[in-house]
Amino acid sequence: MDDLEKAILLVYEPSAADPGLRAQAMAFCEQAKADPSALFRLCLDRLHRSPLVPVQFWCLQALHDVLVLRYSSIPPADLPLLRSSLICLASDRPLPHSSPPFLRNKLAQVLATLIRLEYPTLWPSPFLHLLPRLPSAEPLAVDMFARLLVALDDDLLSQDYPRSPEEVAAASRVKDSMRHQCVPQIARHWFDAVSLYRSSAAALAAAALDTMKRYVSWIDITLVANDAFIPLLFDLILAPGSPEQLRSAAAGCVLAIVLKRMDPRSKFALLRRLRVNQVFADADLVLKLVTLITGYASEALECYKKLGSEEIEGPFSLELLEEALPSVFYVMQNCEEVDSGNVVDFLSDYVSTMKSPSQQQVAYLGQILEVIRVQICYDPAYRSNLNIPDKIGREEEDQMSERRKELFTLFRSVCRVVPDVTQLFIRTLLANALSSSEMSVEEVEAALTLFYRYGETVSEEAIRTGGGLLGELIPMLLLARFSCHLHRVVALVYLETVSRYIKFVQENVQYIPHVLAAFLDERGIHHPNLNVSRRASYLFMRAVKLLKAKLVPFLDTILQSLQDTVAHFTSVDWMSKELKCSGSEDGSQTFEAIGLLLGMEDVLPEKQSEYLAAFLNPLCQQVKALLLDSKVQELEESSAKVVALQQIIMALNALSKGFNERLVIGSRPMVGIMFKQTLDVVLQILVMFPNIKPLRNKITSFLHRMVDILGTSIFPCLHVALKQLLVENEPKDMVDFLLLINQLICKFDTSVGSLLEEIFPAIASRLFVFLSSDAFSSGSGANTEEIRELQELQRMLYTFLHVMATHDLSSVFLAPNCKGYLDAIMRLLLLTSCTHKDMLLRKLCVQIFVKLIKDWCTNNNGEDKLLLFGEIVLAQKVMYEKFGDAFIIHFLSKGLPAAHCPQDLAEQYYQKLQIFQQGNDIKTLKSFYQSLIENLKQHQNGSFVFR
């Protein structure tokens, strides 16, 4: 062993030496690569003499690197030796049988690289040297030739990988030369190798077939799809004792032949010649050759789509397709390894070809429905994980949801083609599920899911009238009680399906008791699974919205059924992990449904008051009790009492959604009194705990509802509420507060003027603290959540000022206790209108200015006018600085003429503005501008300013 071999061993066995010695070995090896000519001789010598696998691999890798990276630097005189030596290693003197596969693969890669670089121009004969030796060659040479063809395909010829333009050109050159020179001989070699080694060396025969499969796409199809090859391939596929490796390789070749691109008539003739129907006859074989079955079916379908209208080929192409369909269905129902996505695409394509399906096609569509049913069934192994969802169960649900998307698309296609067949299929599923206690959770869930999805394909009119079999199926659904109804996935899809077809009940009121039972008994709101119960509450609320007045006769029944649910909602331990992890469906929808029922004028006034009191009074009593108990202790945001108070407020809020101002204040004033009393109780929470944010948020939401339904009768409560909402509030709280104020202004206009005058100083002072000049840092934290909250507050501030201005409340700015903030507000509006990056905010500020001008320029308060004129003049100065002459041209050509300003005044204005720019004499410009406005007012154009 010389120094190079020792160094190579150190490089490939790092644990055998210290890092320093290994680094020296790597440097030594790199130095040996410096001279390509010397490297060639060194590597070729070691490949023939050295028994060490690491040394042989290093030599092959070194040769490959030189060819790929430094081919142009190789002396031309060295190339003949390299070519002949590589050919010799691949045929006459192959690497020994004991050589590991990766070493033979590396040799094949080096030879393929040289072919890519030189064939056929510089080296026209590599295949001519190899092929004559193969019939009588030993198995090692046959194996090496297969590896060479695979390497050539992987590195150059295959279109399955992205290629550069240079690689594409090289691949075309090599393919064209091979077609012209040696492809027929290679095909003959494949046949001979398979025939010779199928019994003695099945792996070698399979390797030859795997190579052939790769090349079928670009060689002459008659070289492999002929009377010699086809019988051989199907003999390998169909023979009972055929090794699986060999059978799979033969099937891969047949599939490559099937997928070969050609015109439809040639493809049709080719498919008819193949003996794939013999595979269809063997169920076990079908499951072993899934890819061949689905590929053949897809190509048969393409032939039918293109030839189906032909008089001669059309019927035969359909026959060819339908011969394959039963095997496709069998594969989908019995093979877990099948690529269901491809098969579903095929089936969808098949269904899309049907216009008026034949009796046979109708039967196939029924089988497709069964395939869909099987594919959408959950695995029973996850049954407990799905019932009380854990991480595994949630992942399974997500994966199934994704798998079902394409299957549901296929299902909808079948529904459109044969709706009657689909309805019969669903009826059979439901009948079986109801009559058999043996039907599994997964099968019942799948049946209900298909019925639910069927509803997506029919019109609302068909649902309302019970078109087709729906008049039978929907009552069957409403009365259904499955043996596995307690399982979460069954209960949920059952409720969703009932909701899907609820409009049938709207027209067929005799079924109202049944739909109420479905929502209210143990199948719905009283289901033991909390997820089901809450979802049922939400879906019941939606049903109430739809059926509403039709439910009045059943009001007593509904409310009695919900008594325990209502009591449970406000008494449950909301700190438990199960409840804290819940989503938006928190059970409060039950109260919303009750409110929708009680808020109807169809309910008698006495009954309405009685029912409402039965719900409001206990909730208010609970609030009072919690507050009384909390007086002696400080409450944390996360305490059970705070959470309980939040739930009560949520319940009250939800309950109020069924009522409107016309009923509460107009026709049923007693209801208004009860809600007013309830609001008084809720506000006691705010008085006692103004700084507990979750409570404040819930109370603010409740106040929005009360503003909607109580009208002006809410005014006595607002002073206390608004004062408490300003206590220790932060930017996010201030946004919520201003939303409430905007609602009050928009609803009551100037009626809230005195209230607004009272609280405006507190609002303005808080806003100017939050939005001070240094609040918006431009440093690294400029995108933090705090900055985003301040930006939202800034937008809300301008919205608030705009709402005030456009609802005739500009006088509030001039009130004695508010006027101190006027100058700061005007400057803020001016700055924003001129410089803010949000153009919509700039527009909003200008609109505020316009409205203030209209309001204030008609009174006699000269001081306010001067203040406003000053801001307007300053705004024009800023715009002149920003836009230069473009602003002047626009103002003189469009702004002033639109106000019918005389030409001489316009020119004077331009002169004054230029003088102002030079000397900054704002008093002179302000005085001139005031006189300009007065002149224009004489022409009744005084409101044009800043428009």
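Residues numbered from 1 in each chain as written. Predicted model: local features only at pLDDT ≥ 70, side-chain atom pairs only at ≥ 80, totals over all residues. Heavy atoms only, no water.

Novice: Sorry, what's going on with the pattern of salt bridges here?
Specialist: Opposite charge on two side chains lets them pair, provided their charged atoms get close. Counted by the stated rule, this structure contains 49 salt bridges. Residue lysine 747 pairs with glutamate 661 through a salt bridge whose shortest N-O separation is 2.6 Å. Here the residue lysine 747 occupies a position in helix H40 (residues 731-748), and glutamate 661 occupies one in helix H36 (residues 661-667), the gap between them amounting to 86 residues. Each of Asp2, Glu5, Asp45, Arg46 and Arg49 takes part in one network of salt bridges that share partners. (Salt bridge = Lys/Arg side-chain N within 4 Å of Asp/Glu carboxyl O. Helix = DSSP H or I, 4+ residues; strand = E, 2+ residues; numbered from the N terminus.)

Novice: What is the right way to read helix H27 (residues 488-500) from this model?
Specialist: Residues three or four positions apart in an α-helix share a direction because the helix packs 3.6 residues into each turn. Its 13 residues give H27 an end-to-end C-alpha distance of 18 Å, which sits within 8% of 18 Å, the value for a rise of 1.5 Å per residue. The buried fraction of H27 amounts to twelve of the 13 residues, a majority that puts the element mostly inside the structure. By the burial criterion, the buried members of H27 are Arg488, Val489, Val490, Ala491, Leu492, Val493, Tyr494, Leu495, Glu496, Thr497, Val498 and Ser499. (Expected span 1.5 Å × (residues − 1). Buried < 20%, exposed > 50% of the residue type's maximum accessible area, 1.4 Å probe, protein only.)

Novice: I'm lost on the packing of aromatic side chains in this one. Help?
Specialist: Any aromatic ring pair is given by two values, namely how distant the centres are and how the planes are angled relative to each other. Applying the stated criterion across every chain yields a total of 19 aromatic pairs. Ring geometry for phenylalanine 813 versus tryptophan 856: centroids 6.5 Å apart, planes at 80°, classification edge-to-face. A residue pair is termed long-range when its members are at least 10 positions apart, and phenylalanine 813 in helix H43 (residues 811-814) and tryptophan 856 in helix H45 (residues 839-856) qualify at 43 residues. Taken individually, phenylalanine 813 and tryptophan 856 each receive the classification buried, so the pair is uniform in this respect. Put simply, the rings of Phe760, Phe800, Phe813 and Trp856 pair up and form one aromatic cluster. Against the face of phenylalanine 316 rests arginine 272, its NZ or CZ located 4.7 Å from the ring centre. (Phe/Tyr/Trp six-rings, centres within 6.5 Å; stacked < 30°, edge-to-face > 60°. Lys NZ or Arg CZ within 6 Å of the ring centre and 35° of its normal.)

Novice: Got a minute to help me understand unusual backbone geometry in this structure?
Specialist: Of all residues except glycine, most have a negative phi; of all peptide bonds, most are trans. Following tyrosine 119, the chain continues to proline 120 via a peptide bond in cis, the omega torsion being -5°. Note on placement: proline 120 falls in the loop between helix H6 (101-118) and helix H7 (126-130). The residue glutamate 728 is not glycine, and still its phi comes out positive at about 50°. As for its placement among the helices and strands, glutamate 728 is situated in the loop between helix H39 (715-725) and H40.

Novice: How do you make sense of the nonpolar core when you look at a structure like this?
Specialist: The nonpolar side chains of a soluble globular protein tend to be buried with one another. Core analysis: the biggest nonpolar cluster contains 318 residues, and Met178, Trp190 and Phe800 have the highest contact counts within it. For this core, the leading source of residues is helix H42 (residues 785-806), giving eleven residues. By size, the runner-up hydrophobic cluster in this structure holds 19 residues, among which are Cys857, Tyr880, Tyr909 and Leu932. (Core = buried A, V, L, I, M, F, W, Y, C linked by side-chain atoms within 4.5 Å.)

Novice: Help me understand the side chain of serine 656 in this model?
Specialist: Take serine 656: it is sitting in helix H35 (residues 640-656). Judged by its relative accessible area of 0%, serine 656 is buried. At 2.7 Å, the side chain of serine 656 and the backbone oxygen of asparagine 653 are in polar contact. Filtering out sequence-adjacent residues up to four positions away, serine 656 remains in contact with Phe675, Arg705, Met706 and Ile709. (Polar contact = N/O pair within 3.5 Å; in protein donor to acceptor, adjacent residues only side chain to side chain. Contact = heavy atoms within 4.5 Å.)

Novice: Would you explain the environment of arginine 662 in this entry?
Specialist: Its location among the elements puts arginine 662 in helix H36. Residue class for arginine 662 comes out exposed when judged on its relative accessible area of 56%. For the pair arginine 662 and isoleucine 709, spaced 47 residues apart in sequence, the C-alpha separation works out to 7.7 Å. Contact partners of arginine 662, with chain neighbours within four places excluded, come to Glu601 and Ser667.

Novice: Just checking my understanding: could you explain the confidence of the model for the chain for this structure?
Specialist: Close inspection of predicted coordinates is inappropriate in any region flagged by low pLDDT. In this model, the chain carries an average pLDDT of 88, and 93% of its residues clear a pLDDT of 70 or more. The weakest mean pLDDT in the chain belongs to helix H32 (residues 577-580) at 51; the strongest belongs to H27 at 97. Here residues 941-947 is a poorly scored stretch, pLDDT under 50, and it has 26 contacts once near neighbours within four places are set aside; other chains count. (pLDDT = per-residue confidence, 0-100.)

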